[in-house]
Amino acid sequence: MNITKKLADFARYQRTIRELNSLDARQLNDLGITKGDIKNIARGTYAA
């Protein structure tokens, strides 16, 4: 994996975390997730 791909993946990870953290608990609940799920979702390791 080259550095450009790693940087792009990390930027996507950060953006996903930032966007999900901007939602309130009700909005997250509507999506079926909790604040504790956010990092796993951003990593792509979330298993419902």
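None of these values were measured; they are calculated from a predicted model.

Structural notes on the overall build of the protein
So, step 1. Summing up its helical and strand segments, the protein has three helices and zero strands in all.
So, step 2. The order of helices and strands in the protein, counted from the N terminus, is α-α-α.
So, step 3. For the protein, buried positions account for 15% of its 48 residues.
So, step 4. On the protein, roughly 3900 Å² of surface is accessible, and the fraction owed to carbon and sulfur atoms is 54%.

Considering the packing of aromatic side chains
So, step 1. Applying the stated criterion to the full structure yields one aromatic pair.
So, step 2. Note on Phe10 and Tyr13: the rings are 6.1 Å apart at their centroids and 25° apart in plane angle, and the pair reads as stacked. On the criterion of helical spacing, the pair formed by Phe10 and Tyr13 is a turn pair, its members being three residues apart in helix H1 (residues 3-21).

Describing the UniProt feature "domain: YjiS-like" (unreviewed entry) in the protein
So, step 1. The positions that UniProt labels "domain: YjiS-like" (unreviewed entry) are, in the present scheme, residues 6-38.
So, step 2. Across residues 6-38 one finds 73% helix and 0% strand; the C-alpha atoms that close the span lie 20 Å apart.

Looking at the nonpolar core
So, step 1. Ile17, Leu20, Leu28, Ile33, Ile38 and Ala42 form the largest nonpolar core, which has six residues in total.
So, step 2. Listing elements by their share of this core, those giving two or more residues are H1 and helix H3 (38-43).
So, step 3. Among residues more than four places away in sequence, those in contact with Ile38 are Ile17, Leu20, Asn21 and Leu28.

A few points about the pattern of salt bridges
Note on pairing: side chains with opposite charge can pair once their charged atoms come close.
So, step 1. Overall, the coordinates contain two salt bridges when judged by the stated rule.
So, step 2. Here Asp9 ties to Lys5 by a salt bridge, and the two come within 3.0 Å at their closest N and O atoms. Here Asp9 pairs with Lys5, and both are found in helix H1, just four residues apart, close to one helical turn.
So, step 3. Among the ionic pairs, Arg12 bridges to Asp9, the shortest N-O distance being 2.5 Å. Taken as a pair, Arg12 and Asp9 lie in helix H1 at a separation of three residues, close to a single helical turn.

Rules used throughout
- Residues numbered from 1 in each chain as written.
- Predicted model: local features only at pLDDT ≥ 70, side-chain atom pairs only at ≥ 80, totals over all residues.
- Heavy atoms only, no water.
- Helix = DSSP H or I, 4+ residues; strand = E, 2+ residues; numbered from the N terminus.
- Buried < 20%, exposed > 50% of the residue type's maximum accessible area, 1.4 Å probe, protein only.
- Areas by Shrake-Rupley, 256 points an atom, 1.4 Å probe, with all protein chains shown as cover.
- Phe/Tyr/Trp six-rings, centres within 6.5 Å; stacked < 30°, edge-to-face > 60°.
- UniProt positions renumbered as here; feature names shortened; annotations may be inferred.
- Core = buried A, V, L, I, M, F, W, Y, C linked by side-chain atoms within 4.5 Å.
- Contact = heavy atoms within 4.5 Å.
- Salt bridge = Lys/Arg side-chain N within 4 Å of Asp/Glu carboxyl O.

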